[in-house]
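Inside the fold
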Amino acid sequence: MLRLPLSLVGDGYLVPCVDGTDRPYLSMDAAASTSALPEVFQRLEEFLPRYSSVHRGAGYKSQVSTRAYDEAHTAARVFAGREGRDDVAVFCRNTTEAINHLAYRLDLSPDEVVVTTVAEHHANLLPWRRYASCRYVECDEKGTFGVDEVVAALEGEPRPRLLAITGASNITGWSPALEPIIDASHHLGVPVLVDCAQLAPHRPMPLEADFIAWSGHKMYAPFGAGVLIGPSATFQYGEPFLAGGGAVELVDLDEVLWTEPPDREEAGSPNVVGAIALQVAMEHLLSIGWDKIAEHDQLLSERLRKGLGAIPGVRVLGPGGRSGGTLFPGESDADLLPVVTFTVDGIHHGLVAARLSAEFGIGVRHGCFCAHPYLMRLLGLSHDEVMAYRADVREGNHVSMPGAIRASTSLSTSTEDVDRLLDSLSTIAGGSPPPIPYIQDPRSGDCYPDPEATSWYVGGGNFPSCGSG
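Residues numbered from 1 in each chain as written. Predicted model: local features only at pLDDT ≥ 70, side-chain atom pairs only at ≥ 80, totals over all residues. Heavy atoms only, no water.

1. Digging into the side chain of T34
Relative to the elements of secondary structure, T34 occurs in the loop between strand 3 (26–27) and helix 1 (38–47). T34 has contacts with H217, K218, M219, Y220 and P222, leaving out every residue within four places of it along the chain. (Helix = DSSP H or I, 4+ residues; strand = E, 2+ residues; numbered from the N terminus. Contact = heavy atoms within 4.5 Å.)

What follows is the structure in structure tokens.
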């Protein structure tokens, strides 16, 4: 029987710290990307000697690779609960490409509307703005919204072509009420895309969504494959997103006959290795069981949120937010993924992340997490404050760029790992001075140990000091 936490490739890898000590690297950045499952790595080691180009190759290796690639398509539909439905799985590079792919394939026009929300990752905002007009569901001060708010946006005129909504926030770990939202959208005749990039490693896919997209690199298969799933009819007619070899039946100089989906949507030599890696990861998650994964997630999520909220000066953002270790009135940790974003009073987010890395060997994410509109709301910034930092950014200066720090866990994270982060952060937030000076790159806003004081940072540049302000 599989038991959590699991081991991932690279666990225990020693990294240098500025005090001269090598420490086991602790990744608390699973929401950005995860390392590979050992089973994924082992499967690729077995497969690579037999790799060849897929489809229409007569050689033995090509036949083996084609069968494996086709089986990966089937595995994606099974993972998404699409057995018995006339859906196709299209392999892409990642969720971003998958959503761009769908935005093109829906043949939208600028006068048509896509409803989305202010809580989205940029991948589920920017593609829709390129092809259509957007109508946004606003969030409350906690960063949440309900079914009624979504329905109000859907009922506006003109009626939308699509609802594009997150399955789980990459900032707060909060999931909207997908089932009733999808039901309401369908009742109004509006199909739904769910961005499952954050949801896929943690919970089952929403079965009634018309379209879903997710990435392998966030679910233990970091080899460049993602998936778009939707009804076959969406991809049956018209020109595909990418045009080229493998997507055609016949080409003349004045005519093209496109092949059937999903081949029609996967022009060029596909990422067979990435697809096989993702298949192994999907099957492994299903073998663990969603109940066991959810139990592990909840344990870590509560420990993170309670521990962070109990550190003086630390503010946890979004639902489940805490002040002094106590939940705000009406709040609950229930069903929040172990993705927690926070700020530290008086210390720049970039400096917190840099110190956790250079002094403690802990990797976290900082900044705006490719979800600028949402984070600005969670931080409670005024319009004038937003305009001020935008003016600086336009001048190439990111020093004043607002942001936060995000800690997120994986199936390999233990409660001891969470405690290691909390202890390290307590040292920083408690006012312990850094052992060496840090500098800040105005071009990125990131902080680094001063190369004059340590060889830990191998870059260069004359940057201003990154103090505690």
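What follows continues from the structure just given.
2. Quick word on helix 1
All of the buried residues along helix 1 are V40, L44 and F47. Around the axis of helix 1, the buried residues are gathered within 65° of arc, so they sit on the same side. If you follow the buried residues of helix 1, they end up packed against helix 2 (60–79) and helix 7 (272–288). (Buried < 20%, exposed > 50% of the residue type's maximum accessible area, 1.4 Å probe, protein only. Arc of directions from axis to C-beta.)

3. Looking at the packing of helix 1 against helix 7
Their axes nearest at 9 Å, the elements helix 1 and helix 7 cross at an angle of 140°. As judged from the angle between their axes, helix 1 and helix 7 are oblique. Note on packing geometry: the crossing formed by helix 1 with helix 7 is right-handed. Between helix 1 and helix 7, the residues in contact are E39, V40, R43, L44 and F47 and V272, V273, I276, A277, V280, A281 and H284, respectively. For the contact of helix 1 with helix 7, the per-class residue count stands at nine nonpolar, one polar and two charged. (Axes fitted to C-alpha atoms, helices over the stretch in contact; angles between N-to-C directions. Parallel < 35°, antiparallel > 145°, perpendicular 65-115°, else oblique. Left-handed = near helix turned anticlockwise from the far one by under 90°. Nonpolar A, V, L, I, M, F, W, Y, C, P; charged D, E, K, R; others polar.)

4. Topic: the packing of aromatic side chains
Throughout the structure, instances matching the rule amount to six aromatic pairs. Judged by centre distance (6.2 Å) and plane angle (75°), the ring pair of F47 and Y51 falls under edge-to-face. Among the residues examined, F47 registers a relative accessible area of 1% and is labelled buried. Overall, the relative accessible area of 37% leaves Y51 in the partly exposed class. Relative to F91, the ring of Y69 lies with its centre 5.7 Å away and its plane at 35°, an arrangement referred to as tilted. Of the two residues, Y69 is situated in helix 2 and F91 in strand 4 (residues 87–92); the sequence distance between them amounts to 22 residues. A single burial state applies to Y69 and to F91, both of which are buried. Three or more aromatic residues link up through ring pairs in this structure, and these residues are F79, W214 and W290. (Phe/Tyr/Trp six-rings, centres within 6.5 Å; stacked < 30°, edge-to-face > 60°.)

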